[in-house]
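# Summary of structural features
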Amino acid sequence: MAGSDDVILLDFWVSVFGLRVRIALAEKGIHYEYREENLQNKSPLLLEMNPVHKKIPVLIHQGKPVCESNIIVQYIDEAWHDDKSPSLLPSDPYLRAQARFWADFVDKKVYESAKKIWITEGEEDRQVAKKELIEVFKVLEGQLGEKPYLVGESFGLADIALIPFSVWFHTLNEIGKMNIERECPKLAAWVNRCLERESVSKTLPHPHKFYEFILEMQKKKGH
């Protein structure tokens, strides 16, 4: 296991993108120093380490920053690659490409579709957003098929990209008046399978805490 003195993570507790990095670090058994960022008043270190996007998460390894969550997860897999820890990407080049494709799909489709449900004000627009999200989830269920994980038999990059969004399900169900678990049973079973992993169950915040966070945000914005 790596010592925490050369690994620092700049993050925000509820960020789905930061959660990916924390799960990957846990999978690899890497000790690190966690630094919570105030996104309304970003630290000089964050601005220095990610001058382009000025966003979390940022992994600082031996003084050098790595940005963008899916890239960080792949970096972690390559930087701490030994027989003692699980690989987060398959060894087969085709499956590695598939893992990257689905991680990218999650970034491009799930985040925006899900967020629309609680930022949309009109009921008609919300219904459209709900339909769009369920369609995205159905595509992911199609990719799952009868496999335990998104790309084959092992938990990896694509699963790490998606599993933090399970924290949003309760909020989406409440605000969107939907039932994701009933509409997407394969996805729900996959979530439960991932939660059997300590790296996931001990990292993800409780869904009710996320719901409270969103309600507080909405209150501040006057929704």
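What comes next is a walk through the structure. It should be emphasised that the depicted structure is a prediction, and the values quoted were computed from it without experimental measurement. (Residues numbered from 1 in each chain as written. Predicted model: local features only at pLDDT ≥ 70, side-chain atom pairs only at ≥ 80, totals over all residues. Heavy atoms only, no water.)

Turning next to the sheet that holds strand 4 (residues 64-67). Taken together, four strands build an open sheet; the order of strands is 2-1-3-4 and the sheet is mixed. Of all the strands in the sheet, just strand 2 (33-36) and strand 4 have a single pairing partner and so form its edges. The mean angle between the axes of side-by-side strands here comes to 20°, regardless of whether they run parallel or antiparallel. Across the sheet, helix 1 (residues 16-28) lies against strand 1 (7-11), strand 2 and strand 3 (58-61), angled at about 155° from strand 1, the strand it touches most. (Pairing = 2+ DSSP bridges. Helix = DSSP H or I, 4+ residues; strand = E, 2+ residues; numbered from the N terminus. Axes fitted to C-alpha atoms, helices over the stretch in contact; angles between N-to-C directions. Contact = heavy atoms within 4.5 Å.)

Tallied over the full model, the rule gives 12 salt bridges. With its nearest N and O atoms 2.8 Å apart, the salt bridge here joins Asp104 to Lys108. In this pair, Asp104 and Lys108 are both assigned in helix 4 (residues 93-119), four residues apart and thus about one turn of the helix distant. Note that Glu216 and Lys219 form a salt bridge whose closest N and O atoms lie 3.8 Å from each other. Residue Glu216 and its partner Lys219 are located together in helix 11 (residues 207-221), separated by three residues, close to a single helical turn. (Salt bridge = Lys/Arg side-chain N within 4 Å of Asp/Glu carboxyl O.)

Running from amino to carboxyl end, helix 3 (residues 69-79) crosses helix 4 at an angle of 150°, the nearest separation of the two axes being 11 Å. Here helix 3 is positioned roughly antiparallel relative to helix 4, judged by the angle of their axes. Contact residues: Asn70, Gln74 and Glu78 in helix 3; Arg96, Arg100, Ala103, Asp104 and Asp107 in helix 4. Class assignment of the residues belonging to the contact of helix 3 with helix 4 gives a composition of one nonpolar, two polar and five charged. (Parallel < 35°, antiparallel > 145°, perpendicular 65-115°, else oblique. Nonpolar A, V, L, I, M, F, W, Y, C, P; charged D, E, K, R; others polar.)

In this section: the packing of aromatic side chains. One pass over the structure, following the stated rule, counts 15 aromatic pairs. Between the aromatic rings of Phe101 and Trp102, the centroid separation amounts to 5.0 Å while the plane-to-plane angle is 85°, which identifies the pairing as edge-to-face. Residue Phe101 is classed as partly exposed on the basis of its relative accessible area of 45%. On the basis of relative accessible area, Trp102 is assigned to the buried category, the value being 9%. Where Trp168 meets Phe210, the ring centres are 5.6 Å apart and the plane angle is 5°; that geometry is what we call stacked. Here Trp168 is found in the loop between helix 6 (157-162) and helix 7 (169-176), whereas its partner Phe210 is found in helix 11, with 42 residues between them in sequence. Looking at Trp168, the relative accessible area reads 5%, which means it is buried. The exposure class of Phe210 is buried, given its relative accessible area of 3%. (Phe/Tyr/Trp six-rings, centres within 6.5 Å; stacked < 30°, edge-to-face > 60°. Buried < 20%, exposed > 50% of the residue type's maximum accessible area, 1.4 Å probe, protein only.)

Next up on the list: the nonpolar core. Soluble globular proteins: nonpolar side chains tend toward being buried together. Within the largest apolar cluster, 71 residues are counted, with the highest numbers of intra-cluster contacts made by Ile76, Phe137, Leu140, Leu162, Trp168, Leu172 and Trp190. Sort the elements by how many residues they give to this core and helix 4 lands first, with nine residues. With near-sequence residues (within four places) excluded, Leu172 lies in contact with Ala114, Ile117, Trp118, Leu133, Lys177, Met178 and Ile180. (Core = buried A, V, L, I, M, F, W, Y, C linked by side-chain atoms within 4.5 Å.)

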